[in-house]
Structure formats: structure tokens, C-alpha cells
Amino acid sequence: MSERARWLTERERETAEDDFERDLHTEHQVLNMGPSHPATHGTVKFLVELDGESVVDLDVQVGYLHRGFEKECESGSWYQCIPYTDRLNYNSAILANVGFCMAVEKLLELEVPQRGQWLRVLGSELARLSDHLTRCGAACLELQAMTPFLYGIEARELTWDLLEGLCGARVTSNYVRIGGLRHDMPEGFPSWCRETIAKIRGLLRDFDRVVTGNRIFIDRLRGTGALGRDELIAYGVTGPLLRAAGVAHDLRKAEPYLVYDEIDFDIPIGEVGDNYDRYLVCVEEMQQSLRIAEQCLERLEALGPGPVDVADPRVRWPAKGRVFNHMEEMIQQFKAVTEGPRVPAGEAYLAIESANGELGFYLVSDGTERPVKVRCRPPSLINLAPFPQMVRGGLLADLIPTFDFINMIGGECDR
Amino acid sequence: MEDHGSPVLRRLIDVHAAAVEATHARFGDVTACVQRAHLARVLCFLRDDPECGFEMLVDLCAVDYLEQGRTPRFEVVYHLLSLASGRRLRIRAGVPEDDCTVDSVVELWPAADWMEREVWDLYGIRFDGHPDLRRLLLYEEFEGHPLRKDYPKERRQPIVGPGSAGG
Amino acid sequence: MPGSVIQVKRKENLGLLERLYLPMILKGLAVTTGHFFRNLRGFATGKRRDFVVQYPEERVDHADAFRGMPVLVALDDGEPRCVACGLCEYACPSRCIHIVPGELPDRGIERWPRVFDIDMSRCMFCGLCEEACPEEAIVMSREVEISTYTRKSLVWTKEDLLMAPDLLKRRLDFVRAEYDRTPDLPDGQD
């Protein structure tokens, strides 16, 4: 203001200052965003207290998509929980499948054959890729850049085509089973996958060319929504959000599960933890996911045909060909379906690195066919909790991209 | 008390011997069952002690053991993680049905804010000292706590809001 | 363990081209224009490379593994293969299948589904019924278009669900490929 004030005369300046200093009696405005707001993908409601355009305070109200995941799981058999885990994070359903089944396998002390493990990693990385594509694509959409969003969605469609070929459904995969997988990958899948990966790389390059060097994009992301690493840790935030703040914590490296210790990949980390870092980390993670997927394909071809699940009659249903013709297997099939696996009594917590952070399953069994407790540690919900801290003092327009980078998925957040 | 080869558990038993009721490390998950009265003190120790250094509260949930006939009926479960050492620790504490309260740990980890609200919402366990113990996932007019085992799955709740008869 | 931690490259100091706005916008425009002309050429030459499907004139050809809505496989005489054992009812997580068994003594069939309803508004296409079925009587078809005007008509009865096996060939082939997948169990574990 001082620059312009010099142009005024002394007397005018005094009045002008008076005007600025006079109490205009402004009030904070409370704005209701959501539950169905086009900018909040996912049903969530914000009560934003605004001073002009800057956010003074924020109350996040979640739960609009609560479907009683845990209650449903606790009233069915262990087997019947698997389709419900698809519906947690519907951008990367396989990750939740893998997490749940691995937690049950931990209770049963089962080891899945190599081929099954590599296929699980392949599915997980494709799912992670589609999740990050949605996040980065939608972030551009929030910043009024429509085209990169379409490139991101096109790449996601290609990924989902692959997942459909692998699992039978684009979104709700229901692919992983306790002790293995529903079925092996189809014939010719590796070459199809490689073709698609090349296409996705091309789309990611175009995506990068359109936005990454663009000053408007950088200016909108840099310095917004930042939160320091100590606060993030105190809030239990994990995943790309934590890595963007410079903490190299990735469960695939920190506590390698499946075959991640045999795979060569890097963990990208940021510096300050603002939206710009989050964007760059996600973009780099997509490249790493493609790298992992290629290594999986190589390994799967080298392994050759083999079993994808354990030969343990406690968890695997008998081969269908024998069910039709043999009394013994027929009885076994009836027992397997009506009772389901009996999981030994005990408790286990197993966490995997999902696209949003640590996706954990805490299971309690009392030795019967029904779980006592199926607790899902939802990264979306826990990452959303410090959202008010991230946006307080910032502009309303920056709230939306920040929310996007948290990548709250309603199904997982509200369960 | 057995420490199952875990230095963290050893340290906890040495310092808070009276608080720890039992330990186990099945499936590699190091677990300590702690008396409810000492819970907040033990968790504070685990966060601040340099040898433990559990700076992250990963998860907080409750379990209802009604069908197993266990007393106390509920249990709150804390999962802690130390980023520096990569160690994990599970802390469990029984909560009786007639006195469903636990001391809040929001002061220690702000992450507990929403997690405690969720446990209150779904299990009806109160957290003493929580600054704002509202329901998290369900709405204020909801009756009962749905993850309790005696809450029937089929029970329907009245719809509230602008479109309903009452509102 | 191979692999390491890498630091992402933040652009703290923008170059002259970036500070001038326009060059980078033009670069972005070059990319989008390139896409436009490639799509246009695809249209002209008949080798389309855009991603849009002109539904309903065009349909997506789903993969072999695709799971659509569950249907009942019909025998040659038009009756269901189903023997009303109720395993799918058990396996269904959302409890959307309702079976009432009956008997057809005049045709020598001891057990047969008098009623077989699937509530499509609850069905989530998970395919557990197909996995449970010991008769290959219920399979996931390739149909997904089940929208109606009323909720009542989302309950599909036996007559609606019956489908001739030649229409389901692709799925049946897929299911049959899995017949001998599970390795033989070690002795004495049955």
C-alpha cells in the first residue's frame, strides 16, 4: 500500500489511512462446502470459517459414506470379507484385498507360492498407479487445467483395462484370496501389459510437458498446504504426504512384505511438504510403479507356470473339476463354503503400503469361522485429520488442491 | 514377565512393572496388556523415553468380547510405531462395561483425536480429557453404538434431516 | 536391498522461459495440438486412437475374465442346471440370493429350484456364488445393463435369469480352464 500512497497528497493520505483503519465491522463468514460439492470428490463436508478469502478455521465432517464395513465383516465368514475390502479404496482395490488376505494368512501362518506373490505385487502396483493417476489428474482439474486430467484418466483407463483382464473387474477386483489368488494371469498378459506400460509412459510424458513447467501450476502449488514433518508424524500421517515432507518411510522398504525386497525401486522424497512436493513425489512414484510392474512381468515369465495358491485345504476350495466327479471333494466343497476357513485364535496386525499410506488390518479371531474383529486402519481418514492445520491461514482456493493431494477416498475414510 | 526378546518390552517391564499385566509376541507382533488406570502414563512413557521413542500412534481401536464372555468386556488397542528404529508395539487395555472410560491421549498424539472420536462413536467408550468428543462417522441423533456385538445388524435408525418427517 | 531414496527436483528458481508464462503455455499447447491432430488422423484413416466409445452403438469388448451379472445356466430343455443345493446362498456376502427347492417327480428330477431370485440391487458382482457352485449352474455372464425404473423389478426371478449355455460359452470356457488348477492335496489331509 505504501507504494501507491506516495502519489497522494499529505492530507489525502491521512483520510485514506483513516478509512483503512476504521472498524468496518466485518464478520467471519461460515461457508458450508459439501457433502456433495463438485470440488470435494468424495462425500465430505467442510464448515469453513472465512475472513474474506482466507480460511480462519475449518471443521471436517466425515461419515457420509459409512456402510458398516467392520460390522458386515464381523457378521460373515472370513471369505466373505474379501469383496467388501474392494469397496474401501475404490481407486486401488487390490491393495486392500492384498492387505486383508495377508493379515488372515498371518493368523494362519501361511506362505503363498512365489508366483502368487509376484502376481500380487503386479496387481498392487497397477492399482497404486491408477490411484496416483487419479490424484495427480484431479489436482490439475482443481487448478482449472482440464487437459492433463484427461491424459491422466486415459492412462487410468488403460490401467483398469489391464486390471480387468487380470481380475475380471475394473474397479472391484475381488482377486486376491486367502492363501493365493482367484486365478492366474491370462495368456499373453505380459506382452499386453508391456504395450500398455509404454502407452502410459507416453501419456505421463505429455502430462509432464503440459503442467510441470507451467508457472501458473507451480505458483499455485508451491508453498500451499504445507505441514512440517513433526506435525505430520504426530498426526500419524503416512504415505506420499509424509514422504513429501522428507521422511523416507515406505513400508515396502521399511518392512518388506511379499517380494518387495527382491525388487529394485527408489523412494522419492520431498523437502518441505507442500503441495508441490506432494505432486512431484506422486509423479515419481508412478514411474517407480511402472518399473516395479516391469520387473514383476520379467520375473513371472522367468518363473513359468506354477501354482498361485497354497495347497492347504483349510483355506483353498477344492479343484472344481474334481468337485463334479468325486464325492470326497464335493463334501469338502460344501464344508468349505458353508463354514469357511477356521482361523486359529489370536490377533494380528498387518500393514501394507497402500497408495495413500499405511493400510493396516487388525484382526482378532476366536478360532471360529467368524472374525471377532476386522479393523481397517484407513490411511484416508487419518491423513485427513490434520487437514485444518494444513489450510488454516491460506486461501480458500488453495483448500481444494490440498484436499486433493490428501486423496481422501470416501469408501476407505468412512468405511 | 517375559520380554520375548524385545528391548522395548524389557524397558517397559523394568520401568512400569506394576502396570503391565501380560505380554506376548505371537506372529511377531510385540504386545503388552496394560492396566487401564496406568494406560496414559505408560503411553506417555513410551513416547518420551529415548529408548522407546514411539513417536507415531498408528492406530487406535476397540474390540468387543461379548460373545467370548470375557471380562472386562471391551478392550482398547493402540498400535505404536517408532520411525527411527522401525519397531512396532501393541498396547491393550481392558475396559469394563459398567465404566466405559479411558484416559484420552490427544495430548500425546493429536492423531488420537479422530481415532478416539471414532471409538466413542462405534463402541461407546468415553475418553476422559478429550477436547471435543463428538461422533465421527455417524450423526448425533444416532442411537446406540453399532460395533457393539449386542447391536443388531438389521436395526434401522430414524432418518434425520430436512427431508424427514420430524425435521 | 537394491534401490534407494531419491530427492525430487523442485524448481525453486524458474528459468526465463518459465517466468515469461507464454513459452511454457505454447509448449503445452503444442502437446495438446499434437494429440488433436493424431486423433483427427485416426478418425480419417479409420484407426481411431481416442479413448471414447460411442455407447450404445459401440460396445466395449471386455476381457475373458470379466464378471457381469450372475445368471443361471439352462439345460437343453430350458430347465436350469441348478439343483437348489443352496451353496451360492451361503457364499453370497450380501445375501441377495433366495432359493426355494422343489421336486419334479414326473420328470425324475429330485431337486430343483422352485424359486430362484437374485436381488440385483444388492448383488455386487463378486462372483463368489460362481466359485461356490458345485454344478456349474450359476455363472457370471457378460451382461451389465440391468437398470430399470422401479426397485421391485431389480429382483430377477428364475425365468429372467435363465440363459442358454451357448450364450455363455466364453465364460464357461474361462471357468473350465480353472478346473484342475488347485494342485492335488497331499495324502491324508482330506
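Here, the structure is the one placed above.
I will try to describe carefully the structure that is included in this document.

Calculation rules
- Residues numbered from 1 in each chain as written.
- Chains lettered and ligands numbered in written order.
- Predicted model: local features only at pLDDT ≥ 70, side-chain atom pairs only at ≥ 80, totals over all residues.
- Heavy atoms only, no water.
- Pairing = 2+ DSSP bridges.
- Helix = DSSP H or I, 4+ residues; strand = E, 2+ residues; numbered from the N terminus.
- Axes fitted to C-alpha atoms, helices over the stretch in contact; angles between N-to-C directions.
- Contact = heavy atoms within 4.5 Å.
- Salt bridge = Lys/Arg side-chain N within 4 Å of Asp/Glu carboxyl O.
- Buried < 20%, exposed > 50% of the residue type's maximum accessible area, 1.4 Å probe, protein only.
- Phe/Tyr/Trp six-rings, centres within 6.5 Å; stacked < 30°, edge-to-face > 60°.
- Lys NZ or Arg CZ within 6 Å of the ring centre and 35° of its normal.
- Buried area = accessible area lost by both parts, 1.4 Å probe.
- Polar contact = N/O pair within 3.5 Å; in protein donor to acceptor, adjacent residues only side chain to side chain.
- Core = buried A, V, L, I, M, F, W, Y, C linked by side-chain atoms within 4.5 Å.
- Patch = residues over 30% accessible without salt bridge, like charges linked within 9 Å, V, L, I, M, F, W, Y side chains within 5 Å.
- Areas by Shrake-Rupley, 256 points an atom, 1.4 Å probe, with all protein chains shown as cover.
- Lys, Arg positive; Asp, Glu negative; His and termini not counted.
- Charge placed at Lys NZ, Arg CZ, Asp CG, Glu CD.

**Comments concerning the sheet that holds strand β1 (residues 29-33) of chain A**
Residue and element names in this part refer to chain A. The three strands lie next to each other as β1-β2-β3, forming an open sheet whose pairing is antiparallel. The strands lining the two open edges of the sheet, one partner per strand, are β1 and β3 (54-61). Averaged over all pairs of adjacent strands, the angle between strand axes in this sheet comes to 20°, irrespective of strand direction. Bridge count for β1 against strand β2 (residues 45-51) is five bridges, and the pairing is antiparallel. Looking at the pairing, Asn-32 lines up with Leu-47 of β2. Of the strands in this sheet, β1, β2 and β3 are in contact with helix α18 (residues 396-406), which crosses β2 at around 150°.

**Observations concerning the pattern of salt bridges**
Across all of its chains, the model carries 62 salt bridges over all chains by this definition. Note that A:Glu70 is salt-bridged to A:Arg415, the shortest N-O span being 2.8 Å. Remark: A:Arg415 occurs in the segment after α19 (410-414) and A:Glu70 occurs in helix α3 (residues 69-74); sequence separation between them is 345 residues. Here A:Glu70 matches A:Arg415 in class, with each residue buried. The shortest N-O distance in the salt bridge between C:Glu131 and A:Arg177 comes to 2.5 Å. Linking C:Glu131 in helix α4 (residues 128-132) with A:Arg177 in strand β4 (residues 176-177), this pair reaches from one chain into another. We note that C:Glu131, like A:Arg177, is buried. Through salt bridges with shared partners, a single ionic network connects A:Lys106, A:Glu347, B:Asp29, B:Arg70, B:Glu75, B:Arg90 and B:Arg92.

**Details of the sheet that holds strand β4 (residues 109-119) of chain C**
Either a parallel or an antiparallel arrangement is found when strands of a sheet pair, and the pairing is made through backbone hydrogen bonds. Residues and elements named next belong to chain C. What the three strands build is an open sheet, ordered β3-β4-β6; its pairing is antiparallel. Because the sheet does not close on itself, it has two edges, and the strands there are β3 (97-104) and β6 (155-156). Relative to β4, β3 is paired through seven bridges, and the arrangement is antiparallel. Counterpart to Leu-104 in the pairing with β4 is Ile-109.

**A closer look at the packing of aromatic side chains**
Applying the stated criterion across every chain, the model contains 13 aromatic pairs over all chains. Seen from their ring centres, B:Tyr139 and B:Phe142 are 5.7 Å apart, and the 80° between their planes marks the pair as edge-to-face. Here C:Phe36 and C:Phe37 contribute two aromatic rings whose centre-to-centre distance is 5.2 Å and whose plane-to-plane angle is 70°, an arrangement assigned as edge-to-face. The ring centre of A:Phe265 lies 4.2 Å from the NZ or CZ of A:Lys253, which sits over that ring.

**Describing the interface of chain A and chain C**
In many reports, interface size means the accessible area that the parts give up when they come together. Across the boundary between the two partners, chain A contributes 77 residues, which contact 62 residues of chain C. Taken together, the two surfaces of chain A and chain C that pack against each other cover about 6,000 Å², and 59% of this comes from carbon and sulfur. A salt bridge links C:Glu130 to A:Arg182; its shortest N-O distance comes to 2.9 Å. The interface formed by chain A and chain C contains 20 residue pairs in polar contact (both at pLDDT 80 or more). When residues of the side of chain A that touches chain C are traced back to their parent elements, those giving at least two are α4 (81-86), α7 (146-167), α8 (189-211), α9 (215-221), β6 (267-269), α13 (275-303), α14 (320-323) and α15 (327-339) of chain A.

**Describing the nonpolar core**
If you look at the biggest cluster of nonpolar residues, it comprises 201 residues, and the most contacted ones within it are A:Leu384, B:Leu46, B:Tyr78, B:Ile91 and B:Ile125. Sorting elements by how many residues they give to this core places α13(A) first, with 13 residues. Not counting chain neighbours up to four residues away, the residues in contact with A:Leu384 comprise A:Val44, A:Val60, A:Val62, A:Phe403, A:Ile406, A:Met408, A:Cys413 and B:Trp114.

**Quick notes on a positive patch on the surface**
Taken together, the side chains of A:Lys199, C:Arg38, C:Arg41 and C:Arg49 present a region of like positive charge at the surface. Within the element layout of this structure, C:Arg41 appears in helix α2 (residues 22-45). The exposed category is assigned to C:Arg41, whose relative accessible area is 55%.

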